[in-house]
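As a plain string of letters, each chain reads:
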Amino acid sequence: MKLNAFRIKNFRSIVDTGWQNISPDNITCLIGQNESGKTSVLEGLKVFYSGIISEDVLRSDLSLPEVSCRFTVPEGWLIRITENPGTELKELLSGLTHVELTRSWIADLSSVINVSGEIREYLDSLEDAWRIYLNDVTLKLDEEITIVRDLERTFSKLIEEETDIRSKLIPPETKGFGFHLFGKKAADTETHKNAQFPGLINRLNELKKQKEEINLVLLKKQEVKRAGEKWKKLEDKCTLIDNHLQELSLKLEERHQRLTLLMRPIEDDTDAEWKEVLYDYRKTLVDRELRITELDSHIAFSGYIIDGFSEEEAENKVSEVIQSYKSHYNSAFLGKKYFEYCPVFELFEDFGSLLPNRIDMEDIISGNENVEGYKAARNFLSLAQLDYTFFQQPSSRILKQKIENLNHTLTANFHDFWQQSIGRNNKIHIQFELDHYNSSYGVKAGKPYLEFWIKDEGERLYPKQRSRGVRWFLSFYMELKASANITDRQMVLLVDEPGVSLHARAQEDVLKVFEDIKDKIQVIYTTHSPHLVEINKLHRVLAVQRDDVESMRSTSRILDPLQLSSASPDTLTPLQSILGNPMGNEAFTSIGVNLIVNDTGSFYMLNAIILLMGFKGKVCVIPSTNVSSIPLLCNILMGWGMDFAVLLFENESEIQMSDLLKSSVFRTDNNKKEIVIKMPGAFLNSEDILSTLDFKNHLLQTREGITVPNSVYIRQKELPRNFLLSRFLSNVKAGKIKASDFDEESLENFKVITDLLAGLK
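These notes cover the structure that comes with them. Along each chain, the written sequence defines residue order, and numbers are assigned to residues from 1. Note on the predicted model: pLDDT of at least 70 is required for a residue's local features to be given, and 80 or more for side-chain atom pairs to be given and counted; whole-chain, interface and lining totals, by contrast, use all residues. Excluded from the side-chain calculation are hydrogens and water; included are all heavy atoms of the structure.

Let's shift gears to the overall build of the protein chain. Under the DSSP-based scheme used, a helix requires at least four consecutive residues in state H or I and a strand at least two consecutive residues in state E, with every element numbered from the N terminus. The secondary structure content of the protein chain amounts to 23 helices and 20 strands. Partly exposed describes any residue whose relative accessible area lies between the buried limit of under 20% and the exposed limit of over 50%, with all areas from a 1.4 Å probe on protein chains only and scaled to the type maximum. By the burial criterion, 46% of the 761 residues in the protein chain qualify as buried. The contact rule is simple, with two residues in contact once any of their heavy atoms fall within 4.5 Å. Pairs at least 24 residues apart make up 71% of the contacts formed inside the protein chain by residues separated by at least 6 positions. Every accessible area reported is derived by Shrake-Rupley at a probe size of 1.4 Å, with residue values counting cover from the shown protein chains alone. Accessible surface for the protein chain amounts to roughly 40,100 Å². Of this, 50% is attributable to carbon and sulfur atoms.

In structure tokens form, the structure reads like this:
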């Protein structure tokens with residue numbers, strides 16, 4: 001399984017990232033300002049794997065997190081690992097080349113992982129059909145219970161009426177006496193009744209007949225009645241459980257509100273009340289599932305009773321109908337099954353695996369993870385491809401020679417990624433040695449240990465004596481390379497701001513390590529550093545920023561590579577800084593004219609026009625950091641004795657700068673050459689050289705209704721101007737945009753520029 005995309009909901013500053021694809025070449029970079037939510041993305045992915053969270057990840061509304069990951073799998077793989085899926089599910093699984101898993105948390109902050117996506121939709125469709133069936137049966141059962149109750153009420157009324165009639169048929173003289181009058185026969189009394197109240201007697205006969213009919217129906221519906229009574233009892237139990245669960249959820253929510261910065265495990269044995277609530281909540285959840293299952297089965301059972309089956313027959317039919325409607329798999333079962341094959345998500349801890357000065361062999365052999373440096377030592381031996389049998393070499397001389405050879409190989413491999421030198425040529429060397437404790441160490445005397453060194457030509461030092469940057473990179477290098485050697489399970493490595501303590505060139509070495517392991521390990525990392533982003537691989541970049549860049553209370557959102565142009569300028573700072581000095585190796589020119597422009601964006605635009613128009617003049621465009629810095633550049637070039645000019649646009653700050661330059665910095669030179677050049681026409685800035693149509697097509701790359709100048713639109717929409725213009729220049733250089741792609745208005749404006757440049761001598 002290979003991670004393809006992720007989606008995070010309700011996690012710290014994140015409400016919903018939407019589905020975000022990671023880079024297909026296995027290296028994904030998250031950029032953004034501090035507090036934008038980059039680290040939250042990494043932590044969200046980490047807890048997808050671990051399932052462990054605390055209250056501090058909850059949002060203020062206490063909505064519970066949900067993290068989903070989509071993995072690519074070989075076609076047919078899901079069939080091979082899913083036993084007896086059934087015809088329909090088998091057909092679905094056979095055509096899938098991806099699987100989605102979603103981990104959801106509940107009120108006690110425990111979680112369950114479910115399969116999602118198409119598989120979940122299929123299982124839900126079965127569940128929906130099952131619910132529709134149960135609802136239909138429930139309606140019939142309710143109707144039958146209503147009929148039984150109506151019949152019972154009717155029967156009771158008939159009895160009341162019968163009793164009333166019989167009381168009227170008793171002669172007045174017999175009331176208050178015994179069962180019959182002395183000296184009179186019962187037959188005589190009955191004859192008297194029939195003769196005196198023929199209508200009542202007929203009614204009694206009718207009532208008797210009706211009672212017999214109703215009683216017969218009720219006898220037939222006794223099983224339905226019993227089923228209905230049990231149904232009501234089960235429903236009442238489920239309602240009570242739901243109410244109790246709601247009460248417990250409120251108690252949990254109150255605790256979450258009090259402990260928004262919980263830093264200990266959720267299972268807190270020191271709080272007896274909390275432990276009791278947790279136990280009750282989890283027990284009630286289990287009980288609820290059992291009761292719902294029992295209720296569903298009983299409703300299905302009742303359906304067969306209504307259809308005339310005996311109770312024994314109905315019991316046998318229930319399992320059949322459940323099997324016909326429901327898969328024997330559910331989303332939780334399949335989620336747990338597929339998760340067993342999920343890549344390991346590991347968050348690299350900056351200083352969690354630093355190489356120790358020494359470590360006992362006994363601790364390595366026993367796997368004592370609590371001893372200092374165990375993880376780093378294990379990584380070191382993994383890179384050296386050593387196990388304990390290596391150190392059992394009987395010849396001390398041969399063992400030392402083998403260790404020396406290994407030290408040389410390890411150092412050479414390390415130098416492939418660590419380009420830094422101490423001085424001009426002095427590179428560090430990694431070494432380890434096997435030694436034994438002497439008699440002064442008491443119980444340890446004679447026991448073996450490993451000792452590590454980081455050596456240069458000047459001195460031999462323990463790891464702890466080296467700089468923070470060297471120790472970090474060595475730890476980082478060993479951790480990643482050792483992980484790449486593990487072939488039994490794939491890994492997704494999460495790295496938060498790697499190389500913060502490294503020199504710029506060493507940060508580029510970090511990228512080399514990523515490149516080396518990317519075929520075995522997927523890497524997702526965050527950074528602020530331009531040295532950790534490759535401008536020619538923008539498909540790797542996801543930008544993270546707040547919806548409202550002015551408010552830290554706003555939610556985080558992620559912009560994919562196709563949306564980078566809508567990111568805020570601060571978010572794109574690493575990309576813009578990558579360009580460093582946009583002039584590259586050109587610097588200033590002493591054989592032509594240096595043309596100073598207002599900023600880096602105009603530098604990109606003018607150079608793009610020069611390329612598009614094939615201008616061959618000796619003009620070097622020099623970007624100022626901003627308009628206010630133009631006088632400083634002018635003074636530098638004047639001091640160096642270089643020819644230069646300043647190109648200014650028709651905006652307020654540059655109009656003022658024009659007056660300032662002419663009045664206080666310089667006027668025209670002795671040859672009457674105009675040094676301050678103002679753009680003709682209403683060009684507020686360099687992007688206004690493009691027509692509105694070409695601005696939309698080639699700069700924004702979107703279809704927008706624009707009624708203001710291009711530069712005003714960029715400012716109003718707070719678009720990353722430098723990024724848009726640098727991308728425009730890159731596309732021109734790559735031949736993706738040609739002069740023939742522009743309309744007449746833009747081409748005329750381009751000619752205005754080249755004519756101005758041609759006039760610079």
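Next up on the list: the side chain of Asn26. Mapped onto the fold, Asn26 is located in the loop between β3 (20-21) and β4 (27-31). Side-chain polar atoms of Asn26 contact the backbone oxygen of Lys518, separated by 2.7 Å. A 3.5 Å cut-off defines polar contacts: any pair of N or O atoms within that distance qualifies, except that in protein one atom must be a possible hydrogen donor and the other a possible acceptor, and neighbouring residues in sequence count only when both atoms are side-chain atoms.

Another point: helix α17 (residues 600-613). Expected span, for any helix, means 1.5 Å times one less than how many residues it has. Under the 1.5 Å per step criterion, the end-to-end length of α17 is 20 Å for 14 residues, consistent within 8% with the ideal 20 Å. Of all 14 residues making up α17, 11 are buried, and the element is well covered by its neighbours. What α17 keeps buried is the set Gly601, Ser602, Phe603, Tyr604, Met605, Leu606, Asn607, Ala608, Ile609, Ile610 and Leu612. For α17, the secondary structure elements touched by its buried residues are β17 (593-597), β18 (619-623), β19 (644-648), α22 (721-733) and α23 (744-758). Two to three positions downstream of the cap, the backbone nitrogen of Gly601 sits 3.2 Å from a side-chain oxygen, assigning the N-cap of α17 to Asp599. Count one or two residues on from α17 and you reach Gly614, which has phi positive near 65°.

Only one rule defines a salt bridge in this text: a Lys or Arg side-chain nitrogen within 4 Å of an Asp or Glu carboxyl oxygen. Inspection of every chain in the model, using the stated rule, returns 31 salt bridges. Residue Asp124 pairs with Arg120 through a salt bridge whose shortest N-O separation is 3.1 Å. Of this pair, Asp124 and Arg120 both sit in helix α4 (residues 117-169), 4 residues apart, which is roughly one turn of the helix. Residue classification places Asp124 among the partly exposed residues on the basis of a relative accessible area of 32%. One salt bridge connects Lys225 with Glu152, and the closest N-O pair in it is separated by 2.7 Å.

As a further point, take the packing of aromatic side chains. Two rings from Phe, Tyr or Trp (for Trp, the six-membered ring) form a pair when their centres sit within 6.5 Å of each other. Planes less than 30 degrees apart are called stacked, planes more than 60 degrees apart edge-to-face, and all others tilted. Inspection of the entire model under this criterion finds 16 aromatic pairs. Relative to Phe742, the ring of Phe728 has its centre 6.3 Å away and its plane inclined at 85°; by these criteria the two rings are edge-to-face. Placement of Phe728 in helix α22 and of Phe742 in the loop between α22 and α23 is noted, with a sequence separation of 14 residues between them. The positively charged end of Arg358 is found above the aromatic ring belonging to Tyr449, 4.4 Å away from the centroid. Two thresholds decide whether a charge sits over a ring: the Lys NZ or Arg CZ must be within 6 Å of the ring centre and within 35 degrees of the ring normal.

The element strand β5 (residues 66-72) is extensively covered by neighbouring structure, given that 5 of its 7 residues are classed as buried. In terms of strand pairing, strand β1 (residues 2-11) meets β5 through 7 bridges, oriented antiparallel. When the bridges of β5 are listed, Phe6 appears paired with Cys69. What makes two strands pair is DSSP finding at least two bridges between them. Bridge count for β5 against strand β6 (residues 98-105) is 7 bridges, and the pairing is antiparallel. Residue pairing for β6: Phe71 is matched across the bridge by Val99.

By themselves, these figures tell us nothing about what the structure is for.
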